[in-house]
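Residue-level structural notes
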Amino acid sequence: MLQLYKFGNSICTQKVFIVLTEKKLTYEPINVDLFKNEQYKPEYLKLNHKGVVPTLVHDGHVVVESTLICEYLDAVFPQVRLVPLDPFQQTRMRLWSKAVDEALFAATRELSFSAMFREKLKNMTPEQRETRFNNVGDPDRRARYVSCYDNGVDSPYVLQGIAAFEKAFRDMEAELSAGSPWLLGDAVTLADINLMPFVARLAYLNLLDVWLKKRPHVQAWWKRVQSYPSFESQIRAHVTDFEMEEMHASGQKIASHVEARRKEYLRNFRIPAL
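Let us look at the structure shown here. The structure presented is a predicted model; accordingly, all values stated were derived computationally and were not measured.

**Some points on the nonpolar core**
Ranked by internal contacts, the top residues of the largest apolar core, which has 77 residues, are Leu 73, Phe 169, Met 196, Trp 211, Trp 221 and Phe 231. Setting aside residues up to four positions removed in sequence, Phe 169 forms contacts with Val 199, Leu 202, Leu 208, Trp 211, Leu 212, Arg 215 and Val 218. Judged by nonpolar contacts, the second largest core, of six residues, contains Val 32, Tyr 44, Val 53 and Val 57.

The structure is reproduced here in structure tokens:
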């Protein structure tokens, strides 16, 4: 028995959707509405003390953290291997996972917040906003939310996010320039799957071209991703038309500002533009 506590437009949940589909696994989906603060309900916090999605329950065992969930599923259900057998390739795969977990997750969150959720918070009363900020339960995340609310794209955390994507796309361009269709060679692995929802979010926010204009190998990878069956059926299918329209419109409003801040970053740190 597999149960997945999820939210459809959660980038971390989307990684797990793809893995479950690749392995043709059936599961019971349990929706956790992040906008209604259901992730902070006591019964959910017993499963996931961070109050985030996704959470996997397999035969009574609780597995948290999307990267670990994906690796767990690959180990327990080894049909259609997504983790390479070679230890060195496993290490390379996990370096991409670390890049996502340590940098790109926060980068995507801050950019999404500045584009969309900031406007939602502006429509709340000060008391409602403070309750929302306090519910986060983590001082660093709270500081990030408050900074992005106060400053939008001018937040130093957004600049960190822009720099994180710059490094990731530079590394991807270098890796893919060797000629392989996927990051570790001819087959899709968790290195690709872990990145797919994050690149998709930038595309849906109309921000992806800020980084990809002069990166043909990453552009080709992204085209392959969009036609990849599990991505096509699991990412777009879990995003409503309203959410898609909202992301497009919101991201477009900040796109030129994000591009200007990227140029500022490249100039200040004397990084050649690509």
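Now that the structure has been shown, we can carry on.
**Quick look at the pairing of strand β4 (residues 61-64)**
Two strands pair when backbone bridges link them, and strand β3 (residues 55-58) and β4 are joined in this way by four bridges, in the antiparallel orientation. Among the inter-strand pairings, Leu 56 is bridged to a residue of β4, identified as Val 63. With antiparallel pairing between neighbouring strands as the criterion, β3 and β4 make up a hairpin whose turn holds two residues, including Asp 59 at a positive phi of roughly 50°.

**Observations regarding the pattern of salt bridges**
Charged atoms that come close allow side chains of opposite charge to pair. For the coordinates displayed, the defined rule picks out 20 salt bridges. Between Glu 259 and Lys 213 there is a salt bridge, with the nearest N and O atoms lying 2.9 Å from each other. One end of the pair, Glu 259, is in helix α12 (residues 241-268); the other, Lys 213, is in the loop between α9 (209-212) and α10 (216-227), and 46 residues separate them in sequence. One connected set of salt bridges, linked through shared partners, spans Arg 109, Glu 110, Asp 140 and Arg 144.

**Comments concerning the sheet that holds strand β1 (residues 2-6)**
Taking strand neighbours across the sheet as the criterion, the four strands line up as β2-β1-β3-β4 in an open arrangement whose pairing is mixed. The open sheet is flanked by β2 (28-31) and β4, the only strands paired with a single partner. Ignoring which end each strand starts from, the neighbouring axes of this sheet average 20° apart. With four bridges joining them, β1 and β2 adopt parallel strand pairing.

**Description of the environment of Val 80**
Summarising the element assignment, Val 80 is placed in the loop between α3 (66-76) and α4 (87-122). Sequence separation between Val 80 and Glu 22 is 58 residues, and the spatial gap between their C-alpha atoms is 7.0 Å. With near-sequence residues (within four places) excluded, Val 80 lies in contact with Glu 22, Lys 23 and Asp 74.

**Structural notes on unusual backbone geometry**
In this model, Val 53 is joined to Pro 54 through a cis peptide bond whose omega is 5°. One non-glycine residue, Asp 59, lies in positive phi territory at about 50°. Relative to the helices and strands, Asp 59 is located in the loop between β3 and β4.

The rules we used
- Residues numbered from 1 in each chain as written.
- Predicted model: local features only at pLDDT ≥ 70, side-chain atom pairs only at ≥ 80, totals over all residues.
- Heavy atoms only, no water.
- Core = buried A, V, L, I, M, F, W, Y, C linked by side-chain atoms within 4.5 Å.
- Buried < 20%, exposed > 50% of the residue type's maximum accessible area, 1.4 Å probe, protein only.
- Contact = heavy atoms within 4.5 Å.
- Pairing = 2+ DSSP bridges.
- Helix = DSSP H or I, 4+ residues; strand = E, 2+ residues; numbered from the N terminus.
- Salt bridge = Lys/Arg side-chain N within 4 Å of Asp/Glu carboxyl O.
- Axes fitted to C-alpha atoms, helices over the stretch in contact; angles between N-to-C directions.

In short, the description is geometric, and any link to function would need to be established separately.
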